[in-house]
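Now for the letters of each chain:
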Amino acid sequence: MASRRHVIADDLRKQISTGQIKAGERLPSEAQLASHYTVSTPTLRSALAVLQGEGLVEKIHGRGNFVRHPLRRITYVGGGRTPDAQTAADAALRVSVRTTNLRARGHLTALLQVSARSPLTEFLCLSHEGKSPHSLARIYIPRDLAPADVPGKSLWYEGVEARLAELRPPLSEVREKISARFPTPEETATLRISSALPVLAITRVATDTTGRVVEAALLVLPGDRAEAVFTNHTMPEERGTEG
C-alpha cells in the first residue's frame, strides 16, 4: 500500500508542478482517482494526505480536493505581534476578526490568572490569502480592557490592534511558549490542512507593571509555511580598567 501511495502522490505532484493541474483547480473525485489508479479509496486518500501534508492540496468539506495556490510564508516575530499583522495591509492577505464576550473557564482561568466566570472578550482572528485560510489566532483580554466600539460580527483586522493597544496598560513582560503538535479536528477543518501536518502552536501571555495579565493569545500556524524569529539585543560587557 505504501508504495502505491507514493506512486500516486508522485504522479499527482508532477501534474501539479508542470501545470497540468493548475492552482485553484479541483481534482477529480476520490472515486474517479481510485478507479484511475486501480487502488482502494483508503489508499487513494492516503496518497492525497501526503500532498495535503506538503501543502500542495487542500480538502474543502463538501466540495472536494483542490490544488493550493503557492503558500505565503508566515514569520512570527517574537515579543509580540499577531501573525501576519505586519502584512495585513497587503491586499493579498487579509485578517478577519470575530469578537465574542464570554466567561473564563477551564484553561483560560489559569492562562489569564482570573477566577472562574470572570468576564473576558475573545478575538478570533483568521487570516486568508485569497479564499484559502492561512493562520489562526485566539486573543483573550479582560472585559474591562475591550474596546466598546468593536462589533461582534466579522470585520477586518486593521484598526483592532491599535484600539487594543490604546486601552492596554504599559506592558512589563511578554512570555511566549512555542511547541509543535498535530492540529485539533477544529483547526484541521478551519485551516483546511491535513490532520497529519504539524502546526506551530504559540501561547503568548502579556502582563502589565502591576503583574496583571492583560492579554493571552493562542496562535496556530501551519508547519508547512511558518517560522518564528526571536532577536536578543545584548550589550558588550564593560571591562574594568586597571589602575
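This structure is a prediction, so every number in the text was calculated from the model and none was measured. (Residues numbered from 1 in each chain as written. Predicted model: local features only at pLDDT ≥ 70, side-chain atom pairs only at ≥ 80, totals over all residues. Heavy atoms only, no water.)

### Points about the pairing of strand β1 (residues 57-60)
Sheet faces and side chains relate simply in a regular strand, where the side chains alternate between the two faces. Two strands pair when backbone bridges link them, and β1 and strand β2 (residues 64-67) are joined in this way by four bridges, in the antiparallel orientation. By the bridge assignment, Ile-60 is partnered in β2 with Gly-64. In sequence, β1 turns back onto β2 through a hairpin of three residues, with Gly-62 there showing a positive phi of about 80°. (Pairing = 2+ DSSP bridges. Helix = DSSP H or I, 4+ residues; strand = E, 2+ residues; numbered from the N terminus.)

### Regarding the pattern of salt bridges
In this structure the tally under the stated criterion is 14 salt bridges. With its nearest N and O atoms 2.9 Å apart, the salt bridge here joins Glu-187 to Arg-181. In the salt-bridge network here, residues are joined through shared partners; they are Asp-10, Arg-13 and Glu-54. (Salt bridge = Lys/Arg side-chain N within 4 Å of Asp/Glu carboxyl O.)

### Focus on the environment of Ile-178
Looking at the secondary structure, you find Ile-178 in strand β8 (residues 171-181). Along the chain, Ile-178 and Leu-200 lie 22 residues apart, while their C-alpha atoms are 7.0 Å from each other. Discounting residues that sit within four places of it in the chain, Ile-178 has contacts with Leu-200, Ala-201, Ile-202, Ala-228 and Phe-230. (Contact = heavy atoms within 4.5 Å.)

### Some points on the pairing of strand β5 (residues 119-129)
Along β5, eight of the eleven residues are buried, which leaves the element largely enclosed by surrounding structure. As paired strands, β5 and strand β6 (residues 132-142) are joined by ten bridges and run antiparallel to one another. The residue bridging Glu-129 from the neighbouring strand is Ser-132, located in β6. In this structure, the hairpin formed by β5 and β6 is closed by a connection of two residues, where Gly-130 is found at a positive phi of approximately 65°. (Buried < 20%, exposed > 50% of the residue type's maximum accessible area, 1.4 Å probe, protein only.)

### Looking at the environment of Ala-180
On the secondary structure map, Ala-180 appears in strand β8. Distance from Ala-180 to Leu-221, taken between C-alpha atoms, is 9.7 Å for residues 41 residues apart in sequence.

### Thoughts on the side chain of Ser-135
In this fold, Ser-135 is placed in strand β6. In terms of polar contacts, Ser-135 uses its side chain to reach the side chain of Ser-127, at 2.8 Å. (Polar contact = N/O pair within 3.5 Å; in protein donor to acceptor, adjacent residues only side chain to side chain.)

### Here's the deal with the nonpolar core
Residues Phe-123, Cys-125, Ile-139, Ile-141, Ile-202, Leu-219 and Leu-221 are the most contacted members of the largest nonpolar core, which totals 20 residues. Put simply, the parts of the chain that give this core at least two residues each are β3 (74-77), β4 (93-103), β5, β6, β9 (199-208) and β10 (213-222). The greatest single-element share of this core, amounting to four residues, is contributed by β10. Beyond its immediate stretch of four places on either side in the chain, Ile-141 contacts Leu-112, Leu-120, Thr-121, Phe-123, Ala-146, Leu-164, Val-214 and Glu-215. (Core = buried A, V, L, I, M, F, W, Y, C linked by side-chain atoms within 4.5 Å.)

### Overview of the environment of Glu-227
With respect to the helices, strands and loops of the structure, Glu-227 is situated in strand β11 (residues 226-229). When its relative accessible area of 36% is taken as the criterion, Glu-227 is described as partly exposed. Polar side-chain contacts of Glu-227 include one of 3.1 Å to the side chain of Thr-75.

### What to know about unusual backbone geometry
For Thr-38, which is not a glycine, the phi torsion comes out positive at approximately 50°. For Thr-38, the position within the fold is in the loop between α2 (30-36) and α3 (41-53). Backbone geometry at Arg-117 places phi at a positive 70°, although glycine is not the residue there.

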